[in-house]
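One letter stands for each residue in the lines below.
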Amino acid sequence: MAVVINLLYIIASVLFIFGIKMLGHADTARSGNRLSAVGMMIAIVATLLYGGLAWPMIIGGVLLGGAIGAIAATRVPMTGMPEMVAIFNGLGGLASLLIGVVEFVKIYTVKGGVETYLTNLAAQSGVTVPAWFAALAIALTILIGGITFTGSLVAWGKLSEKLPGQPISFPGSGILNILLLLTAIGAVVTFTIAPSGACALTTVIVLISAALVLGVLSTIPIGGGDMPVVIALLNSYSGIAAAFAGFIILNNVLVVAGCLVGASGLILTGIMCKAMNRSLGNVLFGGFGSAAGKAG
Amino acid sequence: MDLAPLLLLLFAFTLAIFLGVELISKVPSQLHTPLMSGSNAISGIAIVGALMALNVGESPVTKWIAFAALVFASVNVVGGYLVTDRMLAMFQAKNKGGKK
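Residues numbered from 1 in each chain as written. Chains lettered and ligands numbered in written order. Predicted model: local features only at pLDDT ≥ 70, side-chain atom pairs only at ≥ 80, totals over all residues. Heavy atoms only, no water.

A.B. asks: Before we move on, could you go through the overall build of chain B and cite the residues and values that matter?
C.D. replies: A count of helical and extended segments in chain B gives four helices and zero strands. Going residue by residue from the N terminus, the α and β elements of chain B occur as α-α-α-α. The globule rule puts the C-alpha radius of gyration for 100 residues at 13 Å, and the 19 Å found for chain B is more than 25% above it. Considered along the principal axes of its C-alpha atoms, chain B spans approximately 65 × 35 × 15 Å. A separation of at least 24 residues holds for 65% of the contacts in chain B among residues at least 6 apart in sequence. (Helix = DSSP H or I, 4+ residues; strand = E, 2+ residues; numbered from the N terminus. Rg over C-alpha atoms; globule rule 2.2 N^0.38 Å. Contact = heavy atoms within 4.5 Å.)

Below is the structure:
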C-alpha cells in the first residue's frame, strides 16, 4: 500500500507544479487552480489509505472545517477577499504549529521518551531519523507556524480595519524583536539538544509564546497598504512550516508541496514589491524608519 | 542507522525549492492576488500531516490537538481553493468584457 500511496503523492505533486505554473498566466489561471485542487484531493485520499486512522474524527473534522471554509469563501464580498486569504493562511500556519505540538506531546508522554518515539515513527514511516533531526523539525515547525498564525491575524486586522492601518511602533520595538528572535532560536537549539526530559515542556512553551508574539510584533509596524506583500510573505512561511511538518512525520508530499509554496511565495513577494517600486526590506522595516523620523 | 531515505527527502526538499523559484517568472499584476491565494490553498497540504496524526492508537490529548489541526487545515484548503476560484471567475469576466 505504501507504494500506491507514494505514487499518488507523486501525481499530486505534479498537479501542484502545473497548478502554480498555470496560475501565473491569465488564460490558464482558473484551470490551474482547479488542477491543484484535484492534486490536493488525490493527496488527501492517498493519505486515507494508511490504515489505523480514527475515522469518526477525520470525517467530522473535514466536514466541520470544510463547511466553515466554504461558507466563508462564498459569502465574503469581493473587496474582503485579501483579508479572507490572510485568515485562511493564518489557519494553515496554526495547523502546522499544532502538528508540531502533537508530535512533541507524543515524545513527552510516551514511555521511554524520544527513543520510543523514534522507534514508533520508524515503524510507521519506514525511515529512521536521529533524535536531533526529529526535534529540530518539530521546533522549526512550531516557530514558523506560530509566526505565520499571529502575523496573518494582524494582517487580517489591518486589512479589515479592525486594527489601525498605519504603522504601529514604539521605542525599542526593534530591540524587542531581536531579543524575541534570539529567545526563539535559543528555544529551538535547546529543544534540539534535549527533546525529552524535565525542561522540554518549558522550552516548548517558551518557543510557542516567542513565535506567537514575534508574529504580531513583526507585522504590526507595517502599514495597511503594504499588507498584500506581507500576506504573500506569510504565505511563503506557511509553505515552509508545512514542509518542516513533512520532515517531522517524514511525508514527501508535505515536503514537496510546502517547499514549492515556500519558494514560489518568496518570489511572488519579490515581484509584488517590485511592482510597487519598493524593496522587501523597505516594506518590512519601513515602519521603523517612519516612526523614528516622527520621533526625531 | 540508515539515513538514505532521509537524504532522499532532503534531496526532494532542495529540488522543490529550485522548482518553486523557476515556476514564477513574469506574472501580470492582476494575477498577484489570485496566485497568492491559490498557493495559500496548496500550503493547506498541512491537512495531510493532521490526518496522519489522527491515529486510532493515540492518546486523547494528541487526538484532540490533531483534530483541531485537521479542522483549521480543512478551512484553509476548502476556503482557499473556493475563494481563488471566485477571484479568477471575476477576473475572467472582466477580461472578456474588456475585449468586447
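Picking up after the structure, the text goes on.
A.B. asks: Could you give an account of the UniProt feature "domain: NAD(P) transhydrogenase alpha subunit C-terminal" (unreviewed entry) in chain B, with specific residues and numbers?
C.D. replies: Taking the UniProt record as the reference, the feature "domain: NAD(P) transhydrogenase alpha subunit C-terminal" (unreviewed entry) is found at residues 10–92 of chain B. With 81% helix and 0% strand, residues 10–92 of chain B has end C-alpha atoms that lie 39 Å from one another. (UniProt positions renumbered as here; feature names shortened; annotations may be inferred.)

A.B. asks: Talk me through unusual backbone geometry; I want residue IDs and the actual numbers.
C.D. replies: Here E161 of chain A, not a glycine, exhibits a phi torsion of approximately 65 degrees, which is positive. As for its placement among the helices and strands, E161 of chain A is situated in the loop between α6 (131–159) and α7 (173–193).

A.B. asks: Residues and numbers for the environment of G262 of chain A, please.
C.D. replies: Residue and element names in this part refer to chain A. As for its placement among the helices and strands, G262 is situated in helix α10 (residues 252–275). Residues G262 and A232, 30 residues apart in the sequence, show an inter-C-alpha distance of 9.9 Å. If sequence neighbours within four positions are ignored, G262 has contacts with S236, G239 and I240.

A.B. asks: Pulling in residues and values, what's your account of the packing of aromatic side chains?
C.D. replies: Residues and elements named next belong to chain A. In the structure shown here, the tally under the stated rule is seven aromatic pairs over all chains. With a centroid separation of 5.8 Å and 75 degrees between ring planes, the pair formed by W132 and F133 is classed as edge-to-face. A relative accessible area of 48% means that W132 is categorised as partly exposed. Judged by relative accessible area, which is 11%, F133 ranks as buried. (Phe/Tyr/Trp six-rings, centres within 6.5 Å; stacked < 30°, edge-to-face > 60°. Buried < 20%, exposed > 50% of the residue type's maximum accessible area, 1.4 Å probe, protein only.)

A.B. asks: Summarise the packing of helix α4 (residues 81–109) of chain A against helix α8 (residues 200–219) of chain A; cite the residues concerned and give the values.
C.D. replies: Residues and elements named next belong to chain A. Two numbers describe how α4 lies on α8: the axes approach to 11 Å, and their chain directions differ by 170 degrees. Comparing the axis directions of α4 and α8 gives the class roughly antiparallel. Contacts from L97, V101, F104 and Y108 in α4 reach A200, L201, V204 and I208 in α8. The class makeup of the residues in the contact of α4 with α8 is eight nonpolar, no polar and no charged. (Axes fitted to C-alpha atoms, helices over the stretch in contact; angles between N-to-C directions. Parallel < 35°, antiparallel > 145°, perpendicular 65-115°, else oblique. Nonpolar A, V, L, I, M, F, W, Y, C, P; charged D, E, K, R; others polar.)

A.B. asks: Quick rundown of the confidence of the model for chain B? Include the residues and the values.
C.D. replies: Considering every residue of chain B, the mean pLDDT works out to 88; 93% of them sit at 70 or more. Scored as a complex, the prediction yields pTM 0.92 and ipTM 0.92. (pLDDT = per-residue confidence, 0-100.)

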